[in-house]
Amino acid sequence: MKRLWHLLFSFAFLACPVALAAAADESKADPLDWPYWRGPEGNGISRETGLPDTISLKGGPGSNLLWKKEGAAGRGTPIVLRGKIYLLTRDNPGTPLEREKVMCLDAATGETVWENKFNVWSSSVPDTRVGWSSPVGDPETGKIYALGVNGLFQCLDGETGKADWAVPLHERYGLVSTYGGRTNYPIVVDDLVILGAVTVGWGENGLPAHRIFGFDKATGTLHWQVNTRLRPEDTIHSGPTVAVFNGEKMVLTGSGDGWVYALQPQTGKEIWKYHLSRRGVNLSPTVDGDMIFMGHSEENPTGTVMGAIVALKGNLQGDITGINYATGKPLPVKGEIWREIGMGVGKSSILKVGDRLYCGDDSGKMYVIDAKTGQKIGDRVNLGTINFASPLYADGKIYHLEKSRWFV
């Protein structure tokens, strides 16, 4: 059956252009669904073919615009599951009734199927940063999980939008909802849904830390939580990535303390960690085989040069930084394959196609990097002002947005 395909883009620090499919049978998950903001493989790659080389959004003769939905755009990336689009965005923006909502649209027509609306309270976040995160869909059950900007975490029925359960993370676990509005992205792993946030509470959680939580996806019961380094420098908006190394499944995530962590998804046990930055790490890890690619645009652990891109080995244990930056002494395990400093890739997650990395820096430039060596290929490409979105590879093309323009 011929599929209806279209492209939907949004401006967000971790947003990725999305190739969307209308499922032929809505009762079953489509293998080309887009249940996570970086796609089913977690790497910004779509396996669809027959996508357009040019896009006309004006409508009329010669346009390939199928539909557009006024008021549905947001900072985060929409997802697609079972013929429907799900996204977080503002409700009644600029009015006294403004709040946040999860929207569900028909992927083929753009018509609204349902809206789940909720207030934003106990937060100093400005209205323009509401709807920062992206929901995640569970292909197994059709459930949708969404984290609001003030910490309301919900499991929604994908057909009706009704909440199966809801956990106010700000009230129950002390989630910090800052003026910056940075909100993490949840991810479904087996029978759990996992996310991170900076929290502060009492007892052993009395000091602030970027904490990772593993909730039962069916009931919302907390199975585990793990602390990263106490007193982190930043709240962040990183999204986890699931990978398998040496037959062991891991959840990889950046943290507000500047480290990258690999955790066991069922227990939260730390497998390894890597010191990437002095401040928070916002990118989602990009995985290919046993290699992991990450970047940041803040201070490096040593020196005065800002920003770096690194390639890491994923099949290790312990502190894989390779050197103790506090003492300058080497560590027993080194997971760093290469590290190139001076490229401020801090908002746009890295795309790997073949042996090349496509890295959008914070100043609107695109670097092309040899994935094996870390060396630059050619001159950087000037795209515009700021790279907030992450590039998408599909059908032999790279689709990418920067703040004011988009490219194929």
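Residues numbered from 1 in each chain as written. Predicted model: local features only at pLDDT ≥ 70, side-chain atom pairs only at ≥ 80, totals over all residues. Heavy atoms only, no water.

Draft legend 1. Structural view of the environment of G83. Position of G83 relative to the elements: it lies in the loop between β4 (79-81) and β5 (84-91). When its relative accessible area of 4% is taken as the criterion, G83 is described as buried. Spatially, the C-alpha atoms of G83 and V281 are 33 Å apart, while their sequence positions differ by 198 residues. (Helix = DSSP H or I, 4+ residues; strand = E, 2+ residues; numbered from the N terminus. Buried < 20%, exposed > 50% of the residue type's maximum accessible area, 1.4 Å probe, protein only.)

Draft legend 2. Region of interest: the sheet that holds strand β10 (residues 152-156). If you trace the four strands from one edge of the open sheet to the other, you get β8-β9-β10-β11, paired in antiparallel fashion. Strands at the two margins of the open sheet, each flanked by one partner only, are β8 (136-137) and β11 (163-168). Of the pairings in the sheet, the one linking β10 to β11 comprises five bridges and is antiparallel in character. Each bridged residue has a counterpart across the sheet, and for F153 the counterpart in β11 is V167. (Pairing = 2+ DSSP bridges.)

Draft legend 3. Examining the environment of L169 more closely. Structurally, L169 can be placed in helix α1 (residues 169-172). Among the residues examined, L169 registers a relative accessible area of 3% and is labelled buried. Sequence spacing of L169 and G148 is 21 residues, and the spatial spacing of their C-alpha atoms is 9.7 Å. Look past the residues within four positions of L169 in its chain and what remains in contact with it is L147, G151, F153, G174, L175, L195 and F215. (Contact = heavy atoms within 4.5 Å.)

Draft legend 4. Highlighting the sheet that holds strand β26 (residues 336-341). Here we have four strands laid out as an open sheet, ordered β20-β21-β22-β26, and antiparallel in their pairing. Single-partner strands in this sheet number two, and they are β20 (286-288) and β26. Sheet twist, expressed as the mean angle between neighbouring strand axes with direction ignored, is 20 degrees. Strand direction decides the pairing type here: strand β21 (residues 291-299) and strand β22 (residues 306-313), joined by seven bridges, are antiparallel. Bridging across to β22, I292 finds its partner in L312. (Axes fitted to C-alpha atoms, helices over the stretch in contact; angles between N-to-C directions.)

Draft legend 5. Spotlight on unusual backbone geometry. Positive phi is not limited to glycine here, since R82 has a value of about 55 degrees. Position of R82 among the secondary structure elements: in the loop between β4 and β5. With phi around 55 degrees, D190 is a residue other than glycine that occupies positive phi space. Within the secondary structure layout, D190 lies in the loop between β12 (187-189) and β13 (192-199). The class of D190 is partly exposed, set by a relative accessible area of 40%.

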